[in-house]
Amino acid sequence: MQQPLGKKLFLSFDLDVLDPKYYEVGIYTQGILSPEHISQLTQKLIRGHEIVGLNIAGYTPQAKEVVKQILAPLL
Amino acid sequence: MEEHNSSKESLRISGYFGICQNTEASDLFRELGMNYQILDSSGKSEQEFAQQIGEYCRYLSKKPFIIGFPHYLMAYSVPQDATVIVFDNHSDDGIDYKPQQNFTSGTFLLFTPGEQIIVLGATRKQYGHKAIVLPPRKWRMFCNNL
């Protein structure tokens, strides 16, 4: 099922993948990930690829520090 | 529209340019040392606004870093030759939310160019050949195989 990724990647993060103990998005059901887990997955995903764009959905100013953690491998 | 210039320049983030819908993301962009642009959606449908974001992205000489828009508004912002990877707890986000429109958050994948779209953490909706949808239990396996 898995195909090789293209050289260029566009990454979109909806913050509802986070466990609500790290950040509460609001009305949506949320995932189970920590910012560190997302950061680790991202680090693996981007290895050998060019990042051509980023998107963060579900952002509020309260998520600022969490977003910085998630983006750490990209900065 | 007015471009906002950050007072400090971060070398680590210098390849990106911020785009947001309101001032909520301004602090983050400033702390990252990024210039940014606030786009106004007033008077536009969601699809028209998505197209506006896309047109703006194509004019940028830097990579777009888009914050504060629903992620499906990225449909027109992604380069044709890019693979899209979406971290989202709901692959079918709002698919019936606005049934009178043909452009919903659930259908953004169909508008998005590119050979392959991977939704990590998706739970229900599949999108045919456009997307590979991975439930959370398969994330780690997917990443380990890269």
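Every value quoted in this text rests on a predicted model; they were computed, and no experiment measured them.

Participant: Account for the packing of aromatic side chains, with residues named and values stated.
Facilitator: Residues and elements named next belong to chain B. Applying the stated criterion to the full structure yields six aromatic pairs over all chains. Measuring from centroid to centroid gives 5.5 Å for Phe29 and Tyr36, while their planes differ by 25 degrees, and the two rings are stacked. Given the relative accessible area of 3%, Tyr36 is considered buried. Taken together, the ring pairs in this structure connect Tyr16, Phe29, Tyr36 and Phe65 into an aromatic cluster.

Participant: Any chance you could break down the layout of surface pockets for me, citing the residues and the numbers?
Facilitator: Residues and elements named next belong to chain B. Size it by volume and the second largest pocket reaches roughly 160 Å³. Along the walls of the second largest pocket sit 13 residues, with Arg58, Tyr76, Ser77, Val78 and Pro79 positioned nearest its centre. Tallied by class, residues from the lining of the second largest pocket come to nine nonpolar, two polar and two charged.

Participant: I'd like a rundown of the side chain of Asp19 of chain A, residues and numbers included.
Facilitator: Residues and elements named next belong to chain A. In this structure, Asp19 sits in the loop between β1 (8-14) and α1 (35-46). No salt bridge forms around the buried Asp19; measuring N to O, its nearest opposite-charge neighbour Lys21 is 4.8 Å away. The contact partners of Asp19, leaving out residues within four places of it in the chain, are Gln30, Gly31, Ile32 and Leu33.

What counts and what doesn't
Residues numbered from 1 in each chain as written. Chains lettered and ligands numbered in written order. Predicted model: local features only at pLDDT ≥ 70, side-chain atom pairs only at ≥ 80, totals over all residues. Heavy atoms only, no water. Phe/Tyr/Trp six-rings, centres within 6.5 Å; stacked < 30°, edge-to-face > 60°. Buried < 20%, exposed > 50% of the residue type's maximum accessible area, 1.4 Å probe, protein only. 1 Å grid on protein atoms, 1.4 Å probe; cavity = no way out; pocket = protein on both sides within 12 Å on 5 of 7 lines; lining within 4 Å. Points joined across faces, edges and corners; volume = space filled by probe spheres on them. Nonpolar A, V, L, I, M, F, W, Y, C, P; charged D, E, K, R; others polar. Helix = DSSP H or I, 4+ residues; strand = E, 2+ residues; numbered from the N terminus. Lys, Arg positive; Asp, Glu negative; His and termini not counted. Salt bridge = Lys/Arg side-chain N within 4 Å of Asp/Glu carboxyl O. Contact = heavy atoms within 4.5 Å.

Honestly, that's just the spatial picture; any functional story needs more than this.
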